[in-house]
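Observations on chain architecture
One-letter residues, chain by chain:
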Amino acid sequence: RWLRQHEYVEKLNMHGILSASAGQEQLLTELLVTYAKIPVLIGELISVEIWKYKVFPVLCQLEDFKPRSTFPIYVVLHHEASIINLLETVFFYKEICESAEDSILDLIDYCHRKLTLLAARSTSGQAAVLVPPQELQKQAETMEFEISLKALSVLRFITDQVESLPLSALTRMLNTHNLPCLLVELVEHCPWSCWEAGKLKKFENGVWHVVTPEDQVKMTKLDGQVWLALINLLLSPECQRKYHFNGFNKSQLLKLRVFLTDVLIDQLPNLLEMQRFLSYLAVTEPAPPKKDLVLEQVPVIWDHIFKKNSGKWKAIAKHQVKHAFSPTEEELKLQARRWAQTYSLDMMEALAPDKPRCRVCGVEAAKRCSRCRNEWYCTRACQVQHWQKHKPACNLMA
C-alpha cells in the first residue's frame, strides 16, 4: 500500500517537473488545491523525516538486518526527496501556499530544521570504503544535503507570500526560529560552495562542478534564493513591525553589508534597497515590536507523530525488517517491475538536463537502437560502426 503511495508521489513529481519545464504546471496546481492534497503531502513529508531520524538508525543497528536488497529502503529515503521536490515545483503559486492552511506552520518548522543542518554542515571529510548499511547511511547523508537545498527554495517561496500568510506563520519565521539570522549564516558560510585543491567548486543542478575564475563572482540560483528570502523578510513593512531588532539580531544582519558589492547588486538590483535598509539600521535604533495579545497556532503534525509512537521506535524497526524490508525473491521481482514502470526510461530521459549524445562521435544524437533502446547515434553509419561492440549488450537487454 505504501509503495503505491510512493509511486503516485513519484509520478506527480515527474509530471510536475515536465510541466514546469513546458510552462504548463497550472493544471497540476489546480488539482492539488481542489483536492486539498498539499496538507497531505506535508504530513507525508514529516512522517518520512521522522522515520529517517528515529527508525532508520535503529534499523541499521539490528543484528537480523541483512536485506537481500537495500533498494526498498532507498525508496523510503528517496520518498522525502520526491515530496520536497514536488513542493518546490508548485509552491511558486500563491494559491498553493494558501491551500496549505494550518500545515504551513509544520512546513516552516521543517524548512527551519533543514536550513539549520545546512548551516552546520561541514564540507571536510575523507571518502571511505563503505559496505551496507554504512553505504546506505552515506547515501542518506548525500540525499539530506540535496533535500535541504530544496527546503531553502520552498522557504523562499513561502516568504514571497508574507502579506497573505497567517499571523502565526510570520511570528514563527521571525521570532520563534529567527530565520533572518539563520539566512545570514548561510550567506556567510555558503555550504553549496567549497575550495578543493585550490579550485572553487559549487553545487548546481545536482552536481559539484569547478567554477572558472571569471565566474567566481557570479550569483548562483541558491545564492539568489537566500537573498530573495532576506529581502522578503526584512523589507516587508509587516515583517519590520513584527521582528525584534535587538542588539544581537542587528549585529548579525549588519554582517550582510560586506557581501553587498556592486557586482552582486548588478546581478540582483533589488539588493540596492537592502543596502539602503542596512545603512539606515546601522545608525538607528528601531522601535521594539508591538506586542499584540494573540492566540498563536502551533504546528501539530510532528508532535502528533512523536506522541503516538514515543518509545516504539525499536519495535517499529523490527516489524519493518520482518514485514517490509525482507522481501522474497518473487516479491523483489514484482517490486522491480513496478519500479520499472514508475521510473520509465522515456520519462527519465525527458527529465535529463542534457540531450543524448552519439555513442561513437559524441555529437548530439536523435536516433537510438530500436532493439534495446539504450544506445544513441547521430547517423546510421555510426550505429553500424559500433554494432560489433554493442551486439552482446544489446542481445542481453533485448
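Residues numbered from 1 in each chain as written. Predicted model: local features only at pLDDT ≥ 70, side-chain atom pairs only at ≥ 80, totals over all residues. Heavy atoms only, no water.

**Points about the sheet that holds strand S3 (residues 207-210)**
Put simply, the rule reads: Strand pairing is defined by DSSP finding a minimum of two bridges between the two strands. A run of H or I in DSSP becomes a helix once it reaches four residues, and a run of E becomes a strand once it reaches two; helices and strands are each numbered from the N terminus. In this analysis, axes come from line fits to C-alpha atoms, helices being fitted only over the stretch in contact, and the angle between any two N-to-C directions falls in the range 0 to 180 degrees.
Taking strand neighbours across the sheet as the criterion, the three strands line up as S1-S2-S3 in an open arrangement whose pairing is antiparallel. On the outer flanks of this sheet lie strand S1 (193-196) and S3, each paired with one strand and no other. Each strand of the sheet is rotated relative to its neighbour by a mean of 30 degrees, with strand direction disregarded. Here four bridges tie strand S2 (residues 199-204) to S3, and the two strands are oriented antiparallel to one another.

**Topic: the domain arrangement of the chain**
When the parts come together, some accessible area is lost, and that loss is often what is quoted as the size of the interface. The criterion, for reference: Domain ranges listed in this record stem from an automatic or a database domain assignment.
Domain parsing of the chain yields domain 1 (1-244 + 290-349) and domain 2 (359-397). Taking only C-alpha atoms into account, the centre of domain 1 sits 38 Å from that of domain 2.

**Some remarks on the pairing of S1**
Pairing analysis gives four bridges linking S1 to S2, with the strands arranged antiparallel. In the strand pairing of S2, Glu 196 is matched with Lys 199. Hairpin connection of S1 to S2: two residues between the antiparallel strands, including Ala 197 at a positive phi of 55 degrees.

**Focus on the side chain of Asn 249**
Basically, it comes down to this: A simple rule labels every residue: compare its accessible area, found with a 1.4 Å probe on the protein chains alone, to the largest value its type can have, and call it buried under 20%, exposed over 50%, or partly exposed in between. Contacts were defined at the residue level, with two residues in contact if any of their heavy atoms lie within 4.5 Å.
Relative to the assigned elements, Asn 249 resides in helix H12 (residues 247-254). Since its relative accessible area comes to 6%, Asn 249 is described here as buried. For Asn 249, the residues in contact, after removing those within four places along its chain, are Asn 178, Cys 181, Tyr 243 and His 244.

**Things to note about the packing of aromatic side chains**
Here is the rule: Between 30 and 60 degrees the pair is tilted, below 30 it is stacked and above 60 it is edge-to-face, where a pair is any two Phe, Tyr or Trp rings, Trp via its six-membered ring, whose centres lie within 6.5 Å.
Tallied over the full model, the rule gives eleven aromatic pairs. Measuring from ring centre to ring centre gives 5.6 Å for Phe 306 and Trp 313, while their planes differ by 65 degrees; the resulting arrangement is edge-to-face. Accessibility expressed as a relative area gives 24% for Phe 306, which makes it partly exposed. The buried category is assigned to Trp 313, whose relative accessible area is 14%. Ring-pair connections join several aromatic residues into one group, and the members of that group are Trp 51, Phe 56 and Phe 325.

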